[in-house]
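Overview (structure and organization)
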Amino acid sequence: MKVTDRSPLQPTPRTVPISSPGTRRGRRAIARHHLAAARDTTHALGYRTLSSNIAADVTNGRLTRTGDFLDRVGGGDLPDGQKSWFGRHVAKAFRTAHDGADAIKVWAQHRTTGHWVHVHVYNPADPALYTALGSYKATRHLTAADISECA
């Protein structure tokens, strides 16, 4: 039996300091827990964990990927290469409108290959989506139909 000079009413010292989630240490601790959870699950659940609330917003329709937007306005028949270039035009228009800031990113599964990719997501009513429709040659034909549907 070990004898200590500590009173039984004294609290025991903590080995791990408690930190609030708002501090840098707290955010890092939460990120470590998310990464640990992502490592021990399936790929789909792991990437969803890494994307957290952003993935939920994409699922619920509060945020949209460029490919989903093209499907909504009638550009779903475009090849993947043209959808990719449309996404680049949207990103450029978004950066122009927001002083060089990038849009929010989320992990999503590629439609055809199944690989997990990091993609930008936008508000469904973001003007950058509609600006890119007019600026990209392969989607210009969708702008007239889209405007007439909204009117």
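Source: prediction; values computed, not measured.

The rules we used
- Residues numbered from 1 in each chain as written.
- Predicted model: local features only at pLDDT ≥ 70, side-chain atom pairs only at ≥ 80, totals over all residues.
- Heavy atoms only, no water.
- Helix = DSSP H or I, 4+ residues; strand = E, 2+ residues; numbered from the N terminus.
- Expected span 1.5 Å × (residues − 1).
- Buried < 20%, exposed > 50% of the residue type's maximum accessible area, 1.4 Å probe, protein only.
- Arc of directions from axis to C-beta.
- Pairing = 2+ DSSP bridges.
- Axes fitted to C-alpha atoms, helices over the stretch in contact; angles between N-to-C directions.
- Parallel < 35°, antiparallel > 145°, perpendicular 65-115°, else oblique.
- Left-handed = near helix turned anticlockwise from the far one by under 90°.
- Contact = heavy atoms within 4.5 Å.
- Nonpolar A, V, L, I, M, F, W, Y, C, P; charged D, E, K, R; others polar.
- Core = buried A, V, L, I, M, F, W, Y, C linked by side-chain atoms within 4.5 Å.
- Patch = residues over 30% accessible without salt bridge, like charges linked within 9 Å, V, L, I, M, F, W, Y side chains within 5 Å.
- Areas by Shrake-Rupley, 256 points an atom, 1.4 Å probe, with all protein chains shown as cover.
- Salt bridge = Lys/Arg side-chain N within 4 Å of Asp/Glu carboxyl O.
- Lys, Arg positive; Asp, Glu negative; His and termini not counted.
- Charge placed at Lys NZ, Arg CZ, Asp CG, Glu CD.

Let us look at helix 5 (residues 80–97). The end-to-end C-alpha distance of helix 5 is 26 Å, a good match for the 26 Å that 18 residues give at a rise of 1.5 Å each. Those residues of helix 5 that sit buried are Lys83, Phe86, Gly87, Val90, Ala91, Ala93 and Phe94. The arc that holds every buried residue of helix 5, seen down its axis, measures 165°, which confines them to one face. Set apart from the buried face of helix 5 by more than 90 degrees, the exposed residues are Lys92 and Thr96.

What follows concerns the pairing of strand 2 (residues 116–121). Strand direction decides the pairing type here: strand 1 (residues 104–109) and strand 2, joined by six bridges, are antiparallel. Counted as the bridge partner of alanine 108 is valine 117 from strand 2. Adjacent in sequence and paired antiparallel, strand 1 and strand 2 are bridged by six residues, among which glycine 114 carries a positive phi angle near 85°.

The next thing to look at is the packing of helix 4 (residues 66–73) against helix 6 (residues 127–135). Relative orientation of the contacting elements helix 4 and helix 6 amounts to 70°, with a least axis distance of 12 Å. Of the possible angle classes, the one that applies to helix 4 and helix 6 is roughly perpendicular. You can see that helix 4 and helix 6 cross each other, and the crossing is right-handed. For the pair helix 4 and helix 6, contact is made by Thr66, Phe69, Leu70, Arg72 and Val73 and by Leu129, Tyr130 and Leu133, respectively. Split by residue class, the contact of helix 4 with helix 6 holds six nonpolar, one polar and one charged.

Glancing now at the nonpolar core. Counting 18 residues, the largest nonpolar core has Phe69, Leu70, Phe86, Val90, Tyr122 and Leu133 as the members making the most contacts within it. Sorting elements by how many residues they give to this core places helix 5 first, with five residues. Membership of the second largest hydrophobic core comes to five residues, among which are Ala55, Val58, Leu63 and Val106.

Attention now goes to the packing of helix 5 against helix 6. The N-to-C vectors of helix 5 and helix 6 enclose an angle of 125°; their axes lie 8 Å apart at closest approach. By the criterion of interaxial angle, the relationship of helix 5 to helix 6 is oblique. By crossing handedness, the relation of helix 5 to helix 6 is classed as right-handed. Two secondary-structure elements touch here, helix 5 through Phe86, His89, Val90, Ala93 and Phe94 and helix 6 through Ala128, Leu129, Thr131, Ala132, Leu133 and Ser135. In the contact of helix 5 with helix 6, the residues fall into eight nonpolar, three polar and no charged.

Glancing now at unusual backbone geometry. Residue aspartate 99 is not a glycine yet carries a positive backbone phi of 55°. Mapped onto the secondary structure, aspartate 99 falls in the loop between helix 5 and strand 1.

Within the element layout of this structure, lysine 83 appears in helix 5. Look at lysine 83 and you get buried, because its relative accessible area is 11%. Each residue touching lysine 83, except ones within four places of it in the same chain, is listed here: Leu70, Asp71, Gly75, Gly76, Leu78 and Arg111.

Taken together, the side chains of Arg24, Arg27, Arg28 and Arg32 define a basic patch exposed on the protein surface. Summarising the element assignment, arginine 27 is placed in helix 1 (residues 24–39). Given the relative accessible area of 47%, arginine 27 is considered partly exposed.

This part takes up the pattern of salt bridges. One pass over the structure, following the stated rule, counts four salt bridges. Salt-bridge contacts for aspartate 102 lead to arginine 95; the nearest nitrogen and oxygen are separated by 2.6 Å. Aspartate 102 gets classed as partly exposed once you look at its relative accessible area, which sits at 48%. Residue classification places arginine 95 among the partly exposed positions, given a relative accessible area of 34%.

As far as function goes, none of this settles anything; it's purely spatial.
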